[in-house]
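# Survey of secondary and tertiary structure
So the chains spell out like this:
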Amino acid sequence: MFRNKKSDFALPENVIYLDGNSLGPLPKAVPSRLQNMVQDEWGKELIRAWNSAGWMSQTGRVANKISRIVGAADNTITMGDTLSIKLFQALSAGLKLRPKRRVVLSDSGNFPSDLYVAQGLLAGLGDDYTLRVVAPEEVMDAIDETVAVVMLTEVDYRTARRHDMMKVTEKAHRQEAVMLWDLAHSTGAVPLSLSESNCEFAVGCTYKYLNGGPGAPAFLYARPDILEQATPILTGWLGHAAPFDFQLDYQPANSIERFRVGTPSVAQMTMLDTALEIYTDVNMHDLSQESQRLMDIFIAEIEAKIPDFRLTTPRAHEGRGSHVSFCHEAGYAIMQAVIEAGVIGDFRAPDIMRFAVTPLYIGEDDLRNAAEIMKTVYDSGIWQEPRFQTRNAVT
Ligand SMILES: *Cc1c(COP(=O)(O)O)cnc(C)c1O
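Our subject in this report is the structure included herewith. Because the structure is a prediction, the values reported are computed rather than measured. Numbers given for residues are sequential positions, taken from 1 along each chain in its written order. Reporting of local features is limited, given that this is a predicted model, to residues whose pLDDT is at least 70; pairs of side-chain atoms are given and counted only at 80 or more, and all residues count toward the totals for whole chains, interfaces and linings. Hydrogen atoms and water are omitted, and side-chain values are computed over all heavy atoms in the structure.

### Structural notes on the overall build of the protein chain
Within the protein chain, the secondary structure is distributed over 12 helices and 13 strands. Just to be clear, the radius of gyration here is over C-alpha atoms, and the globule rule we use is 2.2 Å times residues to the power 0.38. Here the C-alpha atoms of the protein chain give a radius of gyration of 22 Å, agreeing with the 21 Å that 2.2 N^0.38 yields for 395 residues. Over its C-alpha atoms, taken along the principal directions, the protein chain stretches across nearly 65 × 55 × 45 Å. The buried share among the 395 residues of the protein chain stands at 55%. Summed over all atoms, the accessible surface of the protein chain reaches about 17100 Å², with 52% contributed by carbon and sulfur. Under this rule, positive means Lys or Arg and negative means Asp or Glu; His and the chain ends count for nothing. All charge positions are set by atom: Lys at NZ, Arg at CZ, Asp at CG, Glu at CD. Here the protein chain contributes 38 positive and 50 negative side-chain charges, whose respective centroids are spaced 2 Å apart. Numbering of helices and strands runs from the N terminus, with a helix taken as a DSSP run of H or I at least four residues long and a strand as a DSSP run of E at least two residues long. The classification of residues rests on relative accessible area computed with a 1.4 Å probe and restricted to protein chains. Under 20% of the type maximum is buried, over 50% is exposed, and intermediate values are partly exposed. Accessible surface is estimated by sampling points in the Shrake-Rupley manner with a 1.4 Å probe; for residues, cover comes only from the protein chains shown.

### Looking at the sheet that holds strand E10 (residues 323–327)
Strand pairing is defined by DSSP finding a minimum of two bridges between the two strands. The antiparallel open sheet is built from 4 strands, whose spatial order is E9-E10-E13-E12. On the outer flanks of this sheet lie strand E9 (310–311) and strand E12 (346–348), each paired with one strand and no other. Across 3 bridges, E12 lies against strand E13 (residues 352–356) in antiparallel orientation. Residue pairing for E13: Phe347 is matched across the bridge by Met353. Any two residues having at least one pair of non-hydrogen atoms within 4.5 Å are treated as being in contact. Axes here mean lines fitted to C-alpha atoms, for a helix over just the part in contact, with angles spanning 0 to 180 degrees between N-to-C directions. Where helix H10 (residues 284–305) meets the sheet, its contacts fall on E9, E10 and E13, and the angle it forms with E10 comes to roughly 20°.

### Focus: the packing of aromatic side chains
To pair, rings of Phe, Tyr and Trp, with the six-membered ring standing in for Trp, must have centres within 6.5 Å; the planes then decide the type, stacked if under 30 degrees apart, edge-to-face if over 60, and tilted in the middle. Across all of its chains, the model carries 14 aromatic pairs by this definition. The interplanar angle of 90° and the centroid separation of 5.3 Å between the aromatic rings of Trp50 and Trp55 together place this pair among those described as edge-to-face. For Trp55, a relative accessible area of 8% puts it in the buried group. Aromatic rings pair up to connect Phe298, Phe309, Phe326, Phe355, Tyr378 and Trp383 into one cluster.

### Describing the sheet that holds strand E3 (residues 103–107)
Taken in spatial order, the 7 strands line up as E2-E8-E7-E6-E5-E3-E4 in an open sheet, and their pairing is mixed. At either end of the open sheet lies a strand with only one pairing partner, and these are strand E2 (77–80) and strand E4 (130–134). Mean inter-strand twist for the sheet, computed between neighbouring axes without regard to direction, equals 20°. The pairing of strand E5 (residues 147–153) with strand E6 (residues 178–182) spans 5 bridges and is parallel. From the neighbouring strand, Leu152 faces E6, where its bridge partner is Trp181. On the sheet, helix H3 (residues 55–70) packs against E2 and strand E8 (218–222) and is oriented at approximately 120° with respect to E2. Packing against the sheet, helix H7 (residues 165–174) makes contact with E5 and E6, and its axis sits at approximately 150° to E6.

### Overview of H3
By definition here, a helix of n residues has an expected span of 1.5 Å times n minus one. In this model H3 runs 24 Å from its N-terminal to its C-terminal C-alpha over 16 residues, within 8% of the 22 Å that 1.5 Å per residue would give. Among the residues trailing H3, Gly71 stands out with phi positive, at a value near 70°.

### Side note on the pairing of E6
Of all 5 residues making up E6, 5 are buried, and the element is well covered by its neighbours. The two faces of E6 match: Val178, Leu180 and Asp182 on one face and Met179 and Trp181 on the other face are all buried. Handedness of the crossover joining E5 and E6 through H7 is recorded here as right-handed. The definition of a right-handed crossover adopted here requires that, viewed with the strands pointing away, the path from the first strand over the helix to the second runs clockwise.

### Observations regarding the packing of H10 against helix H12 (residues 364–380)
Contact geometry of H10 with H12 gives a least axis separation of 9 Å together with a crossing angle of 20°. The pairing of H10 with H12 is recorded here as roughly parallel in orientation. The chirality of how H10 crosses H12 is right-handed. Counting all contacts with H10, which are made through Arg293, Leu294, Ile297, Phe298, Glu301, Ile302 and Lys305, the residues of H12 involved are Glu364, Leu367, Arg368, Ala370, Ala371, Glu372, Met374 and Lys375. Between 65 and 115 degrees an angle is taken as roughly perpendicular, under 35 as roughly parallel, over 145 as roughly antiparallel, and anywhere else as oblique. Here is the rule for handedness: rotate from the far helix to the near one, and if that takes an anticlockwise turn smaller than a right angle the crossing is left-handed, while a clockwise turn gives right-handed.

### A short note on a nonpolar patch on the surface
A cluster of nonpolar residues, Val38, Trp42, Leu46 and Ile47, forms a patch on the protein surface that exposes about 440 Å² of accessible area. Relative to the helices and strands, Ile47 resides in the loop between helix H1 (30–45) and helix H2 (49–52). In this analysis, a patch consists of residues with relative accessible area above 30% that form no salt bridge, clustered at 9 Å for like charges and at 5 Å for the nonpolar side chains Val, Leu, Ile, Met, Phe, Trp and Tyr. Salt bridge, as used here: a side-chain nitrogen of Lys or Arg that lies within 4 Å of a carboxyl oxygen of Asp or Glu.

### Comments concerning the site of the ligand
Here, proximity means that at least one heavy atom of the residue falls within 4 Å of the molecule or strand. With respect to spatial proximity, the complete set of residues near the ligand consists of Thr82, Leu83, Ser84, Phe111, Asp114, Thr153, Asp182, Ala184, His185, Tyr207 and Lys208. By the criterion applied in these results, polar contacts are pairs of N or O atoms within 3.5 Å in which, for protein atoms, one can donate a hydrogen and the other can accept it, and in which residues neighboring in sequence qualify only through two side-chain atoms. A distance of 3.2 Å separates an oxygen atom of the ligand from a polar atom in the side chain of Thr82. The protein chains hide 85% of the 390 Å² of surface that the ligand would expose on its own. Put simply, the ligand lies in the largest pocket. A class-by-class count of the residues in the shell around the ligand yields 4 nonpolar, 4 polar and 3 charged. Residues are called lining when one of their atoms sits within 4 Å of a cavity or pocket point, these points coming from a 1 Å grid over the protein atoms alone, where a cavity is a set in which a 1.4 Å probe fits but cannot get out and a pocket is an open set with protein on both sides within 12 Å along at least five of seven lines. For a cavity or pocket, the test is whether more than half of a molecule's atoms lie within 2 Å of its grid points; if they do, the molecule sits there. Residue type decides the class: Asp, Glu, Lys and Arg count as charged, Ala, Val, Leu, Ile, Met, Phe, Trp, Tyr, Cys and Pro as nonpolar, and the leftover types, Gly among them, as polar.

### Overview of empty space enclosed by the protein
Grid points are joined across faces, edges and corners, and a volume is the space filled by probe spheres set on the points. Under the counting rule described, the total for this entry stands at 1 cavity of 30 Å³ or more. What the largest cavity holds in volume is close to 50 Å³. If you go around the largest cavity, the residues you meet are Gly188, Ala189, Tyr209, Tyr279, Leu287, Ser322, Val357, Thr358, Pro359 and Leu360.

### Section: the layout of surface pockets
For the largest pocket, the calculated volume is near 520 Å³. The wall of the largest pocket is formed by 31 residues, among which Ser22, Lys208, Asp346, Arg348 and Arg354 lie closest to the centre. Sorting the residues of the lining of the largest pocket by element identifies helix H4 (83–97), helix H5 (112–125), helix H11 (331–340) and E12 as the ones contributing at least two each. Looking at the lining of the largest pocket element by element, the count peaks at 4 residues for H11.

### Side note on the side chain of Glu41
Note on placement: Glu41 falls in helix H1. There is a polar contact of 3.2 Å between the side chain of Glu41 and the side chain of Arg33. Looking at Glu41, its side chain comes within polar contact range of the side chain of Trp55, at 2.8 Å. With residues up to four places along the chain from it excluded, the contact list for Glu41 reads Arg33, Asn36, Leu46, Ala49, Ala53 and Trp55.

### Concerning the environment of Lys208
Residue placement: Lys208 occurs in the loop between strand E7 (201–204) and E8. Placed 24 residues apart in sequence, Lys208 and Ala184 show a C-alpha to C-alpha distance of 7.5 Å.

In structure tokens:
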């Protein structure tokens, strides 16, 4: 049975927070731990803290906490930078594993940053490289013997549609392509088994479902047997075999650490480390079962109360992640009015309203109340007022 952990989070009163897929809320243990890191470790230990407070080994410790959540073995994940950068490293390393091939395959459900990263990298590699983007349903058929790397985001950031990781990876391998998964909307939301999936690479971020805070470091997984041939184009001193020998030539570390670049952001890593304590005793299958049950309730409530909203999330549990989205042509304005009424979700162009269902701190009552508030806002027509029409920089 899944146990709600709402009391571990510092959620404001009068807010129903359904945006944990974009920025997870603040865990209560984080502020005092961060203060301790800043005042005692940085303030008193100064540079000695890299050793005495374990700042240098923190990256590996935090990475192993993530491994347990995504079903990977210890020491197969490293942390740092942002997801876009980790994706760049994994994709570049993947391309080097298939030097004769020139195609990266992705889909139109991918988050644009992933496609931009691929476009930038391929442009730098030469004119003969191409990024092939197909519809999500067409991915399986599009994997052929020309593809070097299949680069997909498992859970669609708009609709929550979920790829079948096992099946797609198997097809990629049958065509001898490298498989790279982006787990941004999966990590901490759905059960994963990176080891079983057999994919070569996976990347993800930690400020969404893992509640690591804005700007929290990203992670990168590489399958142990390909590590020796896997060299990221973006290399830095902390990925060197012996960073403190200060040699002039780059020698990759003999471990997943070769994907590290520069100095870790210790404050962010400390916040994430503390936030991950919440996951220590969470069984991802139980959590996911609860989130699917809650999603069914929320969908039924909204469909009964607001027939004008059209569901874009799949109804089948195995075919979706952990957020629900509806579309409506006035989605942006409606969402702003709903947020003002205390239900925080978000909007994705052109017409999608997203609501994350995060059983760690969201329960059945929250979702029923949210649906009721949304109905009141929608029926009132208040969202037609001009002040709700102006778009903010961050939607
Ligand atoms: C959230 C998200 C990103 C964001 O990347 P950052 O480098 O952390 O800003 C990238 N890709 C996907 C699929 C995402 O969901």
